[in-house]
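Here is how the chains run, residue by residue.
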Amino acid sequence: MSILKKLAGQTAVYGMSSIIGRLFNYLLVPIYTRALTQTAEYGVVTEMYAYAGFFIVLFTYGMETAFFRFEQTAGREKTYATSWLSLLISSLIFSLLLILFSGNIAEALTVENTSLQSLNAGNYRLFIIWFAFIFSFDALSVIPFARMRAENKPVRFAVIKLVGIFINILLNLWFIWAAPLLVENGWTTSWFVPEKVEVSYIFLSNVAASFITLLLLIPEILGTRWQFDFSLWKKMMRYALPLMVVGMAGVINELFDRVLLKFLLPYTYEENMAQLGIYGACYKLSVLMTLFTQAYRYAADPFFFSQSGKAGAKENYALAMRYFVIVGSMIFLGVMLFMDIIKHFIGPAYHEGLKIVPLLLLANLFLGIYYNLSVWYKLTDKTMTGAWISVAGAFITIFLNILLIPQLGYMGAAWATLACYFTMTVISYVLGQKNYAVPYATGKILMLIAGALLVYGTSVWLHSELNISQMMAFILNLFLFLIYGAGVFFFEKK
């Protein structure tokens, strides 16, 4: 249990930078969805960050996990230097190619006639150039952050992460809220152009934050003995490239729906972008599940590797899974039972998409379960099998999106996401039990998820049958939430 307490503690510290920082970023969503009154403009933000997910996987190509895999056997200094120099060279090449072809890419993503300035090719070209810098800065930060995790320096990790996040938030607040307010009162400066579309300032803030984060990592970058071991690099690449396939397939599963919505919805270009904006904003309401999963992953990867081969390792993996599902189920209920409050984090123009939230919360819960299950192929060096599982999920995502989006709109994208992660979870569980059997409490885990769905379904049924005030609805949902929590505590207290 002391091992799991350590995992929980590191999850909390590593997660602090992710959860607190992203929660503050999350608080920008109300500003975005109110400042960008045209939902199509938030569609641009959603689209560009969807493409960003693909490119950051390409720019990092699995080197972070490869670093954890080889730093104990090949030496931390050598592995660190080799992996960082590899990312430096590749980032320069990839970013230069993006900048050179930015005009061609922008023309492929836009149409000639549009009434919104943020949707034209000229602005898209500028966005692409800025993102090329973001990708490079972020890729060069990955290995220094990984080393901090390997050396158990969660506080410095959290501080640097938070500084970068807060800079991004402050710049966003300046450009989108404070500067326009000052301009209305007669203030002028060359640092702010009111006519410039607000979407541009969102991306520019990210460029500055990523650059400053990289600057803060200079002690980690310079404070090492630089050496590039070509033999080690080849081994790392053989291990990492399948993980890049896993990562790319994972991004397809997570973000490709936002790419396809723009092209598959049967409306005009601007209306499709408006629907994309609604989908992207409502997706943010599942952020608590995503944040918990990400915080857990930061601590879980080094934990899984460090426990490998030790007595009781598999039992610890199983127990960690069960506690993950307990917390994930509570998050699902917490969001859905109090949606009448949570929905106000996005502008009223986006509320029509709230029906996708329960599907996306469940999808991200299964994604977290899949991350837990993935321990088997990482520890047995069968990363290619993991790649094939992710590829299978990607095919499901693409097929179901193409099938469902023209018929169901963004609801089809939400159903496709849930189907993808559930299928990947089942496949990974079956294969994992054959290759690296972990004694997961499968029955209890299924009961936890089924119980959460039953409580949520009861809430929906009672609200449809009873004509009660908003305050009474809140009290009823709070009672149901506490009943579920008490039930979990009673059965799990040992």
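These figures come from a predicted structure and were not determined experimentally.

1. Brief notes about the confidence of the model for the protein
Close reading of the predicted structure is inappropriate where its pLDDT is low.
Turning to step 1, where the next piece is worked out: Residue-level pLDDT values for the protein average 85, and 91% of them are 70 or greater.
Turning to step 2, where the next piece is worked out: Model confidence for the protein, summarised as mean pLDDT per element, is weakest for helix α1 (residues 2-26) at 63 and strongest for helix α5 (residues 76-100) at 93.

2. Quick notes on helix α6 (residues 102-109)
Turning to step 1, where the next piece is worked out: For α6, every residue scored as buried is listed here: Ser102, Ala106 and Leu109. The arc that holds the buried residues of α6, viewed along the axis, is 65 degrees, so those residues lie on one side. Along α6, exposed side chains directed more than 90 degrees from the buried face belong to Asn104, Glu107 and Ala108.
Turning to step 2, where the next piece is worked out: The inward-facing, buried residues of α6 contact α3 (39-60), α5, α7 (121-150), α11 (230-264) and α12 (269-283).

3. Quick word on the packing of aromatic side chains
Turning to step 1, where the next piece is worked out: Across all of its chains, the model carries 33 aromatic pairs by this definition.
Turning to step 2, where the next piece is worked out: For the ring pair Tyr42 and Tyr350, a centre distance of 5.9 Å and an interplane angle of 80 degrees mean the geometry is edge-to-face. In this pair, Tyr42 sits in helix α3 while Tyr350 sits in the loop between α15 (339-342) and α16 (357-373), placing the two residues 308 residues apart along the sequence.
Turning to step 3, where the next piece is worked out: For Tyr350, a relative accessible area of 0% translates into the label buried.
Turning to step 4, where the next piece is worked out: Geometrically, the ring pair formed by Phe54 and Phe256 is edge-to-face, given 5.9 Å between the ring centres and 75 degrees between the ring planes. A residue pair is termed long-range when its members are at least 10 positions apart, and Phe54 in helix α3 and Phe256 in helix α11 qualify at 202 residues.
Turning to step 5, where the next piece is worked out: Across the ring face of Phe70, the terminal group of Arg69 is positioned such that the distance to the ring centre comes to 5.4 Å.
Turning to step 6, where the next piece is worked out: Above the ring of Tyr80, the side-chain terminus of Arg147 is found at 4.7 Å from the ring centroid.

4. Observations regarding the pattern of salt bridges
Turning to step 1, where the next piece is worked out: One pass over the structure, following the stated rule, counts 10 salt bridges.
Turning to step 2, where the next piece is worked out: Here Glu77 makes a salt bridge to Arg147, at a shortest N to O gap of 2.4 Å. Of this pair, Glu77 sits in helix α5 while Arg147 sits in helix α7, and the two are 70 residues apart along the sequence.
Turning to step 3, where the next piece is worked out: A salt bridge links Lys153 to Glu151, with the shortest nitrogen-to-oxygen separation between them at 3.1 Å.
Turning to step 4, where the next piece is worked out: Among the residues examined, Lys153 registers a relative accessible area of 39% and is labelled partly exposed.
Turning to step 5, where the next piece is worked out: Glu151 gets classed as partly exposed once you look at its relative accessible area, which sits at 24%.
Turning to step 6, where the next piece is worked out: Among the charged side chains, a network of salt bridges with common partners joins Glu71, Arg76, Glu77, Arg147, Glu151 and Lys153.

5. A look at the packing of α12 against helix α19 (residues 410-435)
Turning to step 1, where the next piece is worked out: Two elements in contact, α12 and α19, have axes whose closest approach is 10 Å; the angle formed by their N-to-C orientations is 40 degrees. Viewed along their axes, α12 and α19 adopt a mutual orientation that is oblique. The chirality of how α12 crosses α19 is right-handed. Contacts between α12 and α19 involve Gln275, Ile278, Tyr279 and Tyr283 from the former and Tyr410, Ala413, Ala414 and Thr417 from the latter.
Turning to step 2, where the next piece is worked out: Looking at the contact of α12 with α19 residue by residue, the class counts come to six nonpolar, two polar and no charged.

6. Re α16
Turning to step 1, where the next piece is worked out: Here α16 is 17 residues long and its end C-alpha atoms lie 24 Å apart, about the 24 Å a rise of 1.5 Å per residue gives.
Turning to step 2, where the next piece is worked out: The element α16 is extensively covered by neighbouring structure, given that 16 of its 17 residues are classed as buried.

So, how was this worked out
- Residues numbered from 1 in each chain as written.
- Predicted model: local features only at pLDDT ≥ 70, side-chain atom pairs only at ≥ 80, totals over all residues.
- Heavy atoms only, no water.
- pLDDT = per-residue confidence, 0-100.
- Helix = DSSP H or I, 4+ residues; strand = E, 2+ residues; numbered from the N terminus.
- Buried < 20%, exposed > 50% of the residue type's maximum accessible area, 1.4 Å probe, protein only.
- Arc of directions from axis to C-beta.
- Contact = heavy atoms within 4.5 Å.
- Phe/Tyr/Trp six-rings, centres within 6.5 Å; stacked < 30°, edge-to-face > 60°.
- Lys NZ or Arg CZ within 6 Å of the ring centre and 35° of its normal.
- Salt bridge = Lys/Arg side-chain N within 4 Å of Asp/Glu carboxyl O.
- Axes fitted to C-alpha atoms, helices over the stretch in contact; angles between N-to-C directions.
- Parallel < 35°, antiparallel > 145°, perpendicular 65-115°, else oblique.
- Left-handed = near helix turned anticlockwise from the far one by under 90°.
- Nonpolar A, V, L, I, M, F, W, Y, C, P; charged D, E, K, R; others polar.
- Expected span 1.5 Å × (residues − 1).

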